[in-house]
Each structure stands twice: as structure tokens, then as C-alpha cells.
Amino acid sequence: MNNSKTALLVDSGCDVGKEFATEYDIRILGLKVVYGMEVYSDGIDIDPMTVYERFPGEIPTTSTPNVMEIRDLLDKIKEDGYENVIAVCISSKLSGTYNTVKSVLEEYDGLNGYALDTKNISTGSGLLAMWAAVQLKNGMSYEELVEKLPAKVPDSRVFFYMDTLDYLKAGGRIGNVTGFIGKALDLKPVITCNSEGIYNTVTMLRGRKNSVKRLVNIVEKQVGDDADKWISIMNGKAADKVPEVEAQLSEKFSKMKIVERKQIVASLAVHTGPGLVGIGVLKL
């Protein structure tokens, strides 16, 4: 436990790796993956490969954890001796989780609570939670971290492309992303979250050749190399692309530390399908 007795809670959509979460005692609230009457908790009783295996015939939906699950997790945090809790959640424009968690925290007795709307998704949210965990370990107080976190939100970005937009459209998460796929031209968008936390297209990639290189070039153009940064490499059933991504990043960024390499979680796989390659960047 850190000196400020502050627990960190993230929803599973933040894509914080299990090893990091264990080391820093980050509590993970599982989003729900729903196949009709079958309801699974992300990362507990369903993994992303199961989702991919059931595509394309079965496309599930996702939902937020219920109030009782959130309260039970807060009860456990309090029992473990924590006095404060900071909840880091994916964009409120992409999920109802932030609003639900915030509401429960406001009514919960026995813990000082704060919920952060990261206005982001996957590792774009998770990097903020990881940064917060390190600050707590280094002695930052709950009050100071609550003050600093909102200003840190714009420093975290995620950029990704996928083989098809079909799953994003099926889940109603299309946002400002172009609503068609030029299959004949093999067009695919590079997607990020804008300042409001809505999916937005940065550019379109044509063809598969050099897609990783072009993605890294876009990241470099968007975030620059003028500051130290943490980088995470994400994939959706595209682990074979990770070494190439890492090699390309090493050529472009001199002030980086790769802090995560992982497959995205099941709840995010639902909306993106196989073939996703993503890069998260947090300016320090």
C-alpha cells in the first residue's frame, strides 16, 4: 500500500496489463461481454481469443458493470485499509462506465473517491492509470494527484487501425470515423479519440504494404519527439506485427520507453475485430 493509502481502480477497457496491475495493486473492474443470455466479465471468465473464435457468426454486445459489482469492489478496497480511491475510466462518450462509477463513488461512505473521464480508450486510458500508479508509489498525495490528473488527459493518445470497420459499426461505436469501407481500394482509417473522447479518423491507409511504417509516421507527426514518453504497443489478434511496430518506433523516437506490449481485452475485441494494430503514447 502507498503512503497516501490511495487505491487505483480501472475498468478493463483501459487495457492495463495484469503484471503491472499486480505490481501496483490496481483493481480492475470488468466490463461485460454479452451473447444473448450469456453474460461474461471481461478478463475473468472470457478472453479475447474466445471472442475472435466466435466471429463472424456471433457478434456480442458489451455493457457496463452493475452498481452492486462496483460497490463490492469498493468494499474490498476499504477492507484492505485504503482511505481513498481514484477510478480511471474509458471515455464517457464510448461507454457508460465512467458515469456509473462516478455516481457510486459519490454515494459511497467510507472512502474519498474521484473518477477520471480519460476521454480515451484502451491504452490511451491505461497509460494515465499507470502514470498515476507510479506517482502514488513515489509519494504523491491523493489530493495532489486528483488535481494533476485532469491536466494530464491531453498528454495521452492512442492511434490504431484494423482490417475492417464492420465490428465498430455493428457496436454503434463509429463516432466520427468515416462510415464506409473502400473494400475494393483496401482503405482503412487510422483512428484516435478527439478532445471530446469520440472516435475520429486521422487519415486513411490504402493497402496492407507498409501499414505499420505509415502508422508510426502518423504517430510521430501527431505527438513529436520533443518530450520523454511512455509507449505501449497493442494488437487485436495481430501479435505478429508487434516486432515490426517496435522496430519502427525505435527508429523514430529517441525519448521513449515501451511500457506495455499486449493483446487488447475481450470487450474491445468485440468492437474492433481481428487485425488491429495500435500505439499508445503518454508524454511525461
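Structure first, text after, so check above.
To keep things clear, this report deals only with the structure shown in the data block. (Residues numbered from 1 in each chain as written. Predicted model: local features only at pLDDT ≥ 70, side-chain atom pairs only at ≥ 80, totals over all residues. Heavy atoms only, no water.)

**Considerations on the pattern of salt bridges**
- Using the criterion set out here, one finds 14 salt bridges in the structure.
- One salt bridge in this structure joins Lys-32 and Glu-69, with 2.4 Å as the shortest N-O distance. Taken together, the residues Lys-32 in strand S3 (residues 32–35) and Glu-69 in helix H3 (residues 67–79) connect sequence positions 37 residues apart.
- For Lys-32, a relative accessible area of 9% corresponds to the buried category. (Salt bridge = Lys/Arg side-chain N within 4 Å of Asp/Glu carboxyl O. Helix = DSSP H or I, 4+ residues; strand = E, 2+ residues; numbered from the N terminus. Buried < 20%, exposed > 50% of the residue type's maximum accessible area, 1.4 Å probe, protein only.)

**Some details on unusual backbone geometry**
- Residue Pro-56 is bonded to the preceding Phe-55 through a cis peptide linkage, with omega at -10°.
- Looking at the secondary structure, you find Pro-56 in the loop between helix H2 (48–54) and strand S5 (61–63).
- Of note, the phi angle at Lys-5 is positive, near 55°, even though the residue is not glycine.
- Within the element layout of this structure, Lys-5 appears in the segment before strand S1 (6–11).
- Located in the positive-phi region is Asp-15, a residue other than glycine, with phi close to 60°.
- With respect to the secondary-structure elements, Asp-15 resides in the loop between S1 and helix H1 (18–23).
- Here Asp-15 falls in the buried class, since its relative accessible area comes to 2%.

**Observations concerning the sheet that holds strand S7 (residues 112–117)**
- Spatial ordering of the open sheet is given by S2-S1-S6-S7, a layout of four strands whose pairing is parallel. The open sheet terminates on both sides in strands that have one partner only, identified here as strand S2 (26–29) and S7. Each strand axis lies, on average, 20° off the axis of its neighbour in the sheet, ignoring direction.
- Bridge count between strand S6 (residues 84–89) and S7: six bridges; the pairing is parallel. Residue Asn-84 lies in a different strand from S7, and its bridge partner there is Asn-112. (Pairing = 2+ DSSP bridges. Axes fitted to C-alpha atoms, helices over the stretch in contact; angles between N-to-C directions.)

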